[in-house]
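Residues per chain are reported as follows:
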Amino acid sequence: MLFKKTCSQRNISSLVKPFALLILAGSLLAFNGLASAATWVVTYPGPLYEGDQSHAYQEALLKLALEKTGVRYKMVASTRLKYQSKALRQLKENIEVNVVWSMTDRQREDDLLPIRIPLAKGLIGWRVFLSHKNKPFFSKTMSDLSDLLVYSAVQGIDWPDTKILQANGFNVLGAQNHSEALKLLSRQQADFYPRSVIEVLHELAQEGADPDIKLKQGIALQYKAAMYFFVNKSNITLSRLIEVGLERAIEDGSFDELFYQYHNHIFEQLSLDNITYYELDNPLLPLKTPILESKYWYKKGDYEASKKSDK
């Protein structure tokens with residue numbers, strides 16, 4: 001049923017709209033004033049070991065976002081929290097860290113406040129395979145996804161990837177952390193270890209890495225996934241600061257510039273646009289994931305386009 005506005009209703013509406021705009025303007029001024037009033041101390045999980053550069057991109061991106069806001073800030077790497085799982089638990093309790101980067105899922109978005117801008121443009125869901133060179137899996141030719149399902153994968157017990165793989169029919173061995181996963185692979189107790197394309201080259205080159213652990217060439221898994229910055233649910237202002245900074249970096253091109261600065265080598269060494277991908281469903285993908293916002297995601301050919309634009 002349709003209702004016509006009465007004269008008084010139209011008058012009220014005409015008054016409410018300017019009033020709402022005044023409230024919005026006032027809240028933005030208050031936000032800007034609060035954000036710039038003091039030095040923001042941003043504490044995040046520290047490196048796993050001296051010289052660890054595996055999170056250098058995330059740190060650089062967080063710094064870029066804060067710089068784009070114009071606030072005074074100080075970034076501090078926690079010396080006590082290093083592993084992601086513990087850092088996420090402490091973030092929920094608002095202890096020791098106030099920013100953690102992690103792959104998102106529904107539980108994490110229930111527990112924490114996500115800034116829904118994918119830090120790695122979705123590449124966290126592009127997964128290549130580490131395997132022991134003596135395992136049959138390493139030399140086996142795969143023609144379709146069913147060929148992969150007869151082999152056992154290893155993943156962290158509390159990682160979203162574990163549930164994604166299981167939901168798609170994989171047998172998954174659980175490890176307490178990345179180090180234990182590599183040990184299971186070295187002992188040939190698992191056939192393969194799916195790793196994000198943004199992680200794998202660093203891990204293969206790491207000092208002390210098992211030389212018998214190799215990258216299986218030519219095939220990979222691909223599922224929609226995003227790595228976000230997360231903050232405590234009560235830390236709305238910090239969330240807004242980071243979001244504003246990231247959006248400004250996307251708009252002026254500095255986000256992509258930093259992304260390719262840190263990831264050019266993986267496109268070259270892994271030849272990402274030429275790999276055969278087996279697509280998986282991600283049942284853990286939160287409903288608010290901005291999958292339709294093309295500016296947030298990498299698609300095949302973007303790397304070559306970026307090289308041409310640099311010339």
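To be clear, the structure that these remarks concern was listed above.
Residues numbered from 1 in each chain as written. Predicted model: local features only at pLDDT ≥ 70, side-chain atom pairs only at ≥ 80, totals over all residues. Heavy atoms only, no water.

(A) Geometry of the sheet that holds strand β11 (residues 276-279). Pairing in this open sheet of four strands is mixed, and the strands run β8-β5-β9-β11 from one edge to the other. Two strands bound the open sheet, and with one partner strand each, they are β8 (193-196) and β11. Within this sheet the neighbouring strands show an average axis-to-axis angle of 45 degrees, counted without direction. Alignment of strand β5 (residues 126-132) against strand β9 (residues 213-222), held across six bridges, turns out to be antiparallel. The residue of β9 that forms the bridge with arginine 127 is leucine 221. (Pairing = 2+ DSSP bridges. Helix = DSSP H or I, 4+ residues; strand = E, 2+ residues; numbered from the N terminus. Axes fitted to C-alpha atoms, helices over the stretch in contact; angles between N-to-C directions.)

(B) Spatial organisation of unusual backbone geometry. One non-glycine residue, glutamine 188, lies in the positive phi region at around 60 degrees. By secondary structure assignment, the location of glutamine 188 is in the loop between α8 (178-186) and β8. For glutamine 188, a relative accessible area of 31% corresponds to the partly exposed category. (Buried < 20%, exposed > 50% of the residue type's maximum accessible area, 1.4 Å probe, protein only.)

(C) Up close: the nonpolar core. The biggest cluster of nonpolar side chains holds 89 residues, and the ones touching the most others in it are Phe229, Ile242 and Leu246. Those residues in contact with leucine 246, other than ones at most four positions away along the chain, are Leu61, Ala65, Ile115, Ile117, Leu119, Phe229 and Phe255. (Core = buried A, V, L, I, M, F, W, Y, C linked by side-chain atoms within 4.5 Å. Contact = heavy atoms within 4.5 Å.)

(D) Layout of the layout of surface pockets. In this model, the second largest pocket occupies a volume close to 340 Å³. Along the walls of the second largest pocket sit 15 residues, with Leu88, Gln107, Arg108, Asp111 and Asp158 positioned nearest its centre. Counting only elements with at least two residues in the lining of the second largest pocket, the list comes to α3 (84-92), α4 (106-111) and α7 (160-167). (1 Å grid on protein atoms, 1.4 Å probe; cavity = no way out; pocket = protein on both sides within 12 Å on 5 of 7 lines; lining within 4 Å. Points joined across faces, edges and corners; volume = space filled by probe spheres on them.)

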